[in-house]
Amino acid sequence: MEGAVVLLDFWPSMFGMRTRIALAEKGIKYEYKEEDLRNKSELLLQMNPVHKKIPVLIHNGKPVCESLIQVQYIDEVWNDRAPLLPSDPYKRAIARFWADFIDKKIYDQGSKVWKTKGEEQETAKKEFIESLKLLEGELGDKAYFGGENLGFVDVALVPFYSWFYAYEKCGNFSIEAECPKLIAWAMRCMQKESVAKSLPDREKIYEFILHMKKIFGIE
Amino acid sequence: MADEVKLFGMWASPYSRRVELALKLKGIPYEYIEEDLSNKSSLLLKYNPVHQKIPVLVHNGKSIPESLVILEYIDETWRNNPVLLPRDPYKRSIARFWAKFIDEKILITTRKVSFTTGKEQDQAMEELSEQLKLLENELKGKPYFAGEAIGYLDIVVANFLVFWFRNLQEALGINMFTKERFPIIFEWIEKVVAIDVVEVCRIPKERHLVYIRTRLEAIKSASK
């Protein structure tokens, strides 16, 4: 299990944040390499030739691509501490289901919130909140989706919290007003060092979105 | 207590068929419930309230939706041969990567191929060809995607390419997925279809061709 670990990443990426959190939870030392997505490194293109995207986890020279696949890989290799997936097959299936749900819905719906205006934006906000409410339902009265401790679904979702402030400013709405339990959960996660040091400051994300809007010509 | 396994599926869905193949390969007895997707049963809506889609596996009353999640659940619950996912975490991550690639990228490209014509369709077919070549590379030096025996990725690819896509291309009147262009995949296909349960899980061709043609027509005229 020992061996060099490198993470090719881009600081605002929620997907990269997932892998950062997993590595931190397991106490794994790694080299972080910041990618300029307008000028991708040779290493990135070589390690992820199919998608040419970050994050890429490189362990002993071998690449693992796709953030949720990386988190599972990390959990399976460093299986002697801080388990992220439960041991029961049914509970594992439920965790995978909700992580897949987050991948299918949250990123695209959240993106639409900051990229669109008017009617389109109102629809995006509505769908986004609906998805968050479903997740809130799944959380229930638990401290974390993983139960007593951070688990796979927590790791999959909490990076989006760093983007919530930017979504709220762009969409002129309050996520906390609609999903107070989820925000309470997110703040509980932020008390964990692994999460706090993996998520960028929300103001910086907002600045980044404003910058993106300029580049894409979105008002 | 006897195990009770039910599968809510749909005969023409490669996602549903992939779960059936996994259950049959492992020799797991199950009750199959055919869903009419234009009139979904209340049981389906109860067992998959979030997406309301098939396939859904119900094991002793507990429901698991999403075909790839179901495949991993089957492998972890019934640990007899064939073991579907590789034991090595790195090889497992590769299998998961390619399954995701098929379900996300290749599926989108096949939709483009289905719904475009002329130059646009040619471009889409070119893109699909490149994606299939990438997949074929994964087979090099191995009899199966999983290695020495059929496994998770073989199940996913077989249901997508062998059973579903070959019928789709015939219905569309194109012929891009051929032995000449993809010799390694076709060699693998011959091995896979020789396995008896695989033949049993095949989508019935003639019925499927009619189904695809009808659906394509419906979607095309709805978008006019």
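Predicted model, so just to flag it, every value in this text is computed and none were measured.

## Re the UniProt feature "domain: GST N-terminal" (unreviewed entry) in chain B
Next up, step 1: Here, the residues flagged by UniProt with the feature "domain: GST N-terminal" (unreviewed entry) are residues 3-82 of chain B.
Next up, step 2: Structurally, residues 3-82 of chain B comprises 38% helix and 21% strand, and the distance from its first C-alpha atom to its last is 19 Å.

## Considerations on the domain arrangement of chain B
Residues and elements named next belong to chain B.
Next up, step 1: Each assigned domain of chain B is listed with its residue range as follows: domain 1 (5-77) and domain 2 (89-223).
Next up, step 2: Taken together, the contact between domain 1 and domain 2 spans 16 residues of the former and 22 residues of the latter.
Next up, step 3: Roughly 1900 Å² is buried in total at the junction of domain 1 and domain 2, and carbon and sulfur atoms are behind 71% of that figure.
Next up, step 4: For domain 1, the biggest contributors to the area lost against domain 2 are W11, R17 and L21; these three give 34% of the whole.

## As for the domain arrangement of chain A
Residues and elements named next belong to chain A.
Next up, step 1: Each assigned domain of chain A is listed with its residue range as follows: domain 1 (5-77) and domain 2 (89-216).
Next up, step 2: Between the C-alpha centres of domain 1 and domain 2 there is a distance of 21 Å.
Next up, step 3: Between domain 1 and domain 2 lies a buried interface of about 1800 Å² when both sides are counted; carbon and sulfur atoms form 74% of it.
Next up, step 4: In terms of surface lost to domain 2, no three residues of domain 1 exceed M14, R18 and I21, which account for 34% of the buried area on that side.
Next up, step 5: There are one salt bridge connecting domain 1 and domain 2.
Next up, step 6: In this structure, D103 engages R18 in a salt bridge whose closest nitrogen and oxygen atoms are separated by 2.9 Å.
Next up, step 7: The tally of links between domain 1 and domain 2 comes to six residue pairs in polar contact (both at pLDDT 80 or more).
Next up, step 8: Those elements that provide at least two residues to the side of domain 1 that touches domain 2 are α1 (14-25) and α3 (67-77).
Next up, step 9: Of all the elements, α1 adds the most residues to the side of domain 1 that touches domain 2, at eight residues.

## Notes on the interface of chain A and chain B
Next up, step 1: On the chain B side, the residues contacting the 26 residues of chain A number 24 residues.
Next up, step 2: Taking both sides of the interface into account, the surface hidden between chain A and chain B amounts to around 2300 Å²; carbon and sulfur atoms contribute 68%.
Next up, step 3: Where chain A meets chain B, there are eight salt bridges.
Next up, step 4: R96 of chain B is the partner of E76 of chain A in a salt bridge, and the nearest nitrogen-oxygen pair spans 3.1 Å.
Next up, step 5: For the interface between chain A and chain B, the tally reads 10 residue pairs in polar contact (both at pLDDT 80 or more).
Next up, step 6: Going through the elements one at a time, β4 (62-65), α3 and α4 (89-115) of chain A are the ones with two or more residues in the side of chain A that touches chain B.
Next up, step 7: Top element by residues in the side of chain A that touches chain B is α4 of chain A. It accounts for 13 residues.
Next up, step 8: Grouping the amino acids of the side of chain A that touches chain B by side-chain chemistry returns 15 nonpolar, two polar and nine charged.

## Digging into the sheet that holds strand β1 (residues 5-9) of chain B
Residue and element names in this part refer to chain B.
Next up, step 1: Strand order in this open sheet of four strands is β2-β1-β3-β4, and the pairing throughout is mixed. Either end of the sheet is taken by a strand with one partner, and the two such strands are β2 (31-34) and β4 (62-65). Neighbour to neighbour, the strand axes of the sheet diverge by 20° on average, direction disregarded.
Next up, step 2: Two elements, β1 and strand β3 (residues 56-59), share four bridges in a ladder whose sense is antiparallel. When the sheet's bridge partners are listed, V5 is paired in β3 with H59.
Next up, step 3: Across the sheet, helix α1 (residues 14-26) is in contact with β1, β2 and β3; its angle to β1 comes to roughly 155°.

## Details of the side chain of D154 of chain B
Next up, step 1: Within the fold, D154 of chain B resides in helix α6 (residues 152-172).
Next up, step 2: Beyond its immediate stretch of four places on either side in the chain, D154 of chain B contacts Y144, F145, A146, A149 and W188 of chain B.

## Remarks on the packing of aromatic side chains
Next up, step 1: Taken as a whole and assessed by the stated rule, the structure comprises 27 aromatic pairs over all chains.
Next up, step 2: On the numbers, 6.2 Å between centres and 45° between planes, the contact of W163 of chain A with Y167 of chain A is tilted. Remark: Y167 of chain A and W163 of chain A occur in helix α7 (residues 161-171); sequence separation between them is four residues, near one turn of the helix. We note that W163 of chain A, like Y167 of chain A, is buried.
Next up, step 3: Ring geometry for W98 of chain B versus F101 of chain B: centroids 5.2 Å apart, planes at 80°, classification edge-to-face. Of this pair, W98 of chain B and F101 of chain B both sit in helix α4 (residues 89-115), three residues apart, which is roughly one turn of the helix. For the pair formed by W98 of chain B and F101 of chain B, the shared burial category is buried.
Next up, step 4: Stacked on the ring of Y90 of chain B, the Lys or Arg K62 of chain A has its end atom at 4.6 Å from the ring centre.
Next up, step 5: When the ring centre of W11 of chain B is taken as reference, the NZ or CZ atom of R207 of chain B above it lies at 3.9 Å.

## Describing the pattern of salt bridges
Next up, step 1: All told, the structure shown has 29 salt bridges over all chains when counted by the stated rule.
Next up, step 2: A salt bridge links R18 of chain B to D103 of chain B, with the shortest nitrogen-to-oxygen separation between them at 2.8 Å. Taken together, the residues R18 of chain B in helix α1 and D103 of chain B in helix α4 connect sequence positions 85 residues apart.
Next up, step 3: Judged by its relative accessible area of 2%, R18 of chain B is buried.
Next up, step 4: For D103 of chain B, a relative accessible area of 19% puts it in the buried group.
Next up, step 5: Beyond isolated ion pairs, a larger network of salt bridges with shared partners links E76, R92 and R96 of chain A together with E72, E76, R92 and R96 of chain B.

The rules behind these values
Within each chain, residue numbers correspond to sequence positions counted from 1 in written order. By the order in which they are written, chains take letters starting at A while ligands take numbers starting at 1. Given that this is a predicted model, residues contribute local features only at a pLDDT of at least 70 and side-chain atom pairs are listed and counted only at 80 or more, while totals for whole chains, interfaces and linings are drawn from all residues. Where side-chain values are given, they derive from all heavy atoms of the structure, hydrogens and water being excluded. UniProt positions are given in the numbering used here, feature names are shortened, and annotations may be inferred rather than shown by experiment. Helix and strand assignments follow DSSP, with helices taken as H or I runs no shorter than four residues and strands as E runs no shorter than two, numbered in order from the N terminus. Domain start and stop points were drawn from an automatic or database domain assignment. In what follows, a contact means two residues having at least one pair of non-hydrogen atoms within 4.5 Å. Summed over both partners, the accessible area lost on bringing two parts together, with a 1.4 Å probe, is the buried area. A carboxyl oxygen of Asp or Glu within 4 Å of a side-chain nitrogen of Lys or Arg is what we treat as a salt bridge. The term polar contact refers here to a pair of N or O atoms within 3.5 Å; inside protein, the definition further demands a hydrogen-donor-capable atom paired with an acceptor-capable atom, and it admits residues adjacent in sequence only when both atoms are side-chain atoms. Ten residue types, Ala, Val, Leu, Ile, Met, Phe, Trp, Tyr, Cys and Pro, are classed as nonpolar, four, Asp, Glu, Lys and Arg, as charged, and the remainder, Gly among them, as polar. Two strands are said to pair when DSSP picks up at least two bridges between them. Working convention: axes come from line fits to C-alpha atoms, limited for helices to the stretch in contact. Angles between N-to-C directions cover 0 to 180 degrees. Pairing of aromatic side chains here covers Phe, Tyr and the six-membered ring of Trp, requires ring centres within 6.5 Å, and sorts the geometry by plane angle: under 30 degrees stacked, over 60 edge-to-face, intermediate tilted. Residue burial is assigned from relative accessible area. The probe radius is 1.4 Å, only protein chains are included, and a residue is buried under 20% of its type maximum, exposed over 50%, and partly exposed in between. A positively charged side chain is recorded as over a ring if its NZ (Lys) or CZ (Arg) lies within 6 Å of the ring centre. The angle to the ring normal must also be within 35 degrees.

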